[in-house]
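# Observations on the three-dimensional arrangement
The primary structure of each chain is shown beneath.
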Amino acid sequence: MTLSQVFIMESIIPASEINRRLVRFREIMNAQNPEWEMGIIFSKINLLYFTGSMPDGMLIIPRDGGAILWVRKSFERTSRESEFDDIRPMSSYRDAAAVYSQIPKEVYLEAEFVPLAMFERIRKHFAFERFHPLDLQVSMARAVKSPLELSFMEKAGAIHRRVLEDLVPHILREGMTEADLSGELYRLMVQEGHQGIARFAMLDTEIVVAQLGFGESSLYPTNFDGPGGNRGLNAAVPGLGSRERKLQKGDLVFVDMGLGVNGYHSDKTMTYMFGKQLSEEVQSIHKQCVKIQNQVAAMLKPGNTPENIYETIMDALSPEFKENFMGFWRSYREVSGAWHWPHCGRVACAGQRF
């Protein structure tokens, strides 16, 4: 057996798992939208969830009858790696529409994903009159993880911990650039088992390596919805480290990255102090962040709500601690011709490496 064959066998999602996911989705749709007749999935991430493959195509799920995965490219690959029951090739939406004798007046689509041009193309051949979103129902189906899904997440977490806690401290060296760290970090991630990219449930949002930075660079404003920042290479690539910013003794090194295995991710942020000892104040903040993390973990029980957990934690914090908690909320200030970094963002301290 070749290495590629081993890889395919390890990554294939069993038919029993795929069927469970479809049954779960239909149960949710039946309960929340009793009159639904047809749902159509286009996004590659949701296609991966429901079929075990990420083709250029669409999955049509009728209320009654079998679901069909229509594939434009690549039918050959999808047929090899997916155990979905019914996979058919198509050159255009017209091929798929010809199979359905009657199109419902109302269909359910991914409103968060489908662009207007795609919407018009599909409606040209599937002549429905109105659409409704099914994003919530898909999210609800995906929210409850199976043992197989949990195993992928646990594997991602184990690799993640090893990369950030055991390996990264040994590659940090004085004079290396942020871009150097990005390249070496990516090599370690893939070498240890990372799938190569981390995807987010936000339009046009993916991270290849991490959001990272040395010192004040990790606070440079970006469009990413997260606590850190980075100047990046340029405006076209703001998420990769700078070629100019070099690591110096006394720098904090911020690394916020996702790591994926078979489409399932863990998320972890570490902040390292390079070449010097952290102050007692920062260590105290770090210890309080660890305490908060443990309190949150203890409250993660069936029946509790994220809102209650959040409010319970926040109500117990002092106003001083909350000033920069969960991210650095002040803007950059230029002092004496240099960027000034008055405080450490509290969230970064939670993963401190001494």
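Before reading further, recall that the structure is shown in the block above.
Predicted model, so just to flag it, every value in this text is computed and none were measured.

## Observations concerning the overall build of the protein chain
The secondary structure content of the protein chain amounts to 13 helices and 14 strands. Within the protein chain, the fraction of its 354 residues that count as buried is 42%. Here the contacts in the protein chain between residues at least 6 apart in sequence split such that 61% fall between residues at least 24 apart. For the protein chain, the accessible area works out to roughly 19,500 Å², and carbon and sulfur atoms hold 53% of it.

## Observations regarding the layout of surface pockets
What the second largest pocket holds in volume is close to 440 Å³. Lining the second largest pocket are 18 residues, and of these E206, I207, N223, F224 and G239 lie nearest its centre. Residues of the lining of the second largest pocket, tallied by class, amount to 10 nonpolar, five polar and three charged.

## What about the packing of helix α2 (residues 15-32) against helix α7 (residues 135-143)?
Interhelical geometry of α2 versus α7 gives an angle of 135° and a closest axis separation of 9 Å. By the angle class used here, α2 and α7 are oblique. Of the two elements, α2 crosses α7, and the hand of that crossing is right-handed. Each of R24, F25, I28, M29 and Q32 in α2 lies in contact with α7, whose residues at this interface are L136, Q137, V138, M140 and A141. For the contact of α2 with α7, the per-class residue count stands at seven nonpolar, two polar and one charged.

## Quick look at the side chain of N33
Looking at the element boundaries, N33 is found in the loop between α2 and β1 (38-41). On the basis of relative accessible area, N33 is assigned to the buried category, the value being 17%.

## As for the packing of aromatic side chains
Taken as a whole and assessed by the stated rule, the structure comprises nine aromatic pairs. Relative to F50, the ring of F25 lies with its centre 5.6 Å away and its plane at 70°, an arrangement referred to as edge-to-face. With F25 in helix α2 and F50 in helix α3 (residues 44-51), the pair connects residues that are 25 residues apart, well separated along the chain. Overall, the relative accessible area of 0% leaves F50 in the buried class. Ring centres of F119 and F131 lie 5.2 Å apart, and the angle between their planes is 65°; this geometry places the pair in the edge-to-face category.

## Quick notes on the packing of helix α8 (residues 147-171) against helix α9 (residues 178-192)
With their axes 10 Å apart at the nearest point, α8 and α9 run at an angle of 140° to one another. As the angle between them shows, α8 and α9 are arranged oblique. Helix-helix and strand crossings are classified by hand; for α8 and α9 the assignment is right-handed. Contacts between α8 and α9 pair I159, R162, V163, L167, V168 and I171 from the former with L181, E184, L185, L188, M189 and E192 from the latter. Split by residue class, the contact of α8 with α9 holds nine nonpolar, no polar and three charged.

## Quick notes on the nonpolar core
L59, L172, L181, L185, V253, V255 and M257 are the most contacted members of the largest nonpolar core, which totals 50 residues. Considering each element in turn, this core owes the most residues, eight residues, to α8. Excluding residues that lie within four positions of it along the chain, M257 makes contacts with H160, V163, L164, L185, M189, V209, A210, S266, D267 and K268. Judged by nonpolar contacts, the second largest core, of 20 residues, contains M38, M58, W70 and F126.

## Some words on the pattern of salt bridges
A complete count under the given rule lists 18 salt bridges for this structure. Between R21 and E17 there is a salt bridge, and its shortest N-O distance comes to 3.0 Å. With a gap of four residues between them, R21 and E17 both fall in helix α2, about one helical turn apart. Judged by its relative accessible area of 1%, R21 falls in the buried class.

## Observations concerning the pairing of strand β11 (residues 264-273)
Here strand β10 (residues 252-261) runs beside β11; their pairing, made up of 10 bridges, is antiparallel. Bridging across to β11, V261 finds its partner in Y264. Linking β10 back to β11 in an antiparallel pair, the connection comprises two residues, with N262 at a positive phi of about 55°.

## Brief notes about the environment of A316
Mapped onto the elements of the fold, A316 is located in the loop between α11 (306-315) and α12 (319-322). Once the C-alpha coordinates of A316 and I292 are considered, the two residues, 24 residues apart in sequence, prove to be 9.9 Å apart.

## Topic: α3
Along α3, the residues that are buried comprise N46, L47, Y49, F50 and T51. Taken around the axis of α3, the buried residues stretch over an arc of 165°, which confines them to a single face. A positive phi of about 85° marks G52, the residue just after α3.

So, how was this worked out
Residues numbered from 1 in each chain as written. Predicted model: local features only at pLDDT ≥ 70, side-chain atom pairs only at ≥ 80, totals over all residues. Heavy atoms only, no water. Helix = DSSP H or I, 4+ residues; strand = E, 2+ residues; numbered from the N terminus. Buried < 20%, exposed > 50% of the residue type's maximum accessible area, 1.4 Å probe, protein only. Contact = heavy atoms within 4.5 Å. Areas by Shrake-Rupley, 256 points an atom, 1.4 Å probe, with all protein chains shown as cover. 1 Å grid on protein atoms, 1.4 Å probe; cavity = no way out; pocket = protein on both sides within 12 Å on 5 of 7 lines; lining within 4 Å. Points joined across faces, edges and corners; volume = space filled by probe spheres on them. Nonpolar A, V, L, I, M, F, W, Y, C, P; charged D, E, K, R; others polar. Axes fitted to C-alpha atoms, helices over the stretch in contact; angles between N-to-C directions. Parallel < 35°, antiparallel > 145°, perpendicular 65-115°, else oblique. Left-handed = near helix turned anticlockwise from the far one by under 90°. Phe/Tyr/Trp six-rings, centres within 6.5 Å; stacked < 30°, edge-to-face > 60°. Core = buried A, V, L, I, M, F, W, Y, C linked by side-chain atoms within 4.5 Å. Salt bridge = Lys/Arg side-chain N within 4 Å of Asp/Glu carboxyl O. Pairing = 2+ DSSP bridges. Arc of directions from axis to C-beta.

Note that all results are geometric; they support no functional claim without further evidence.
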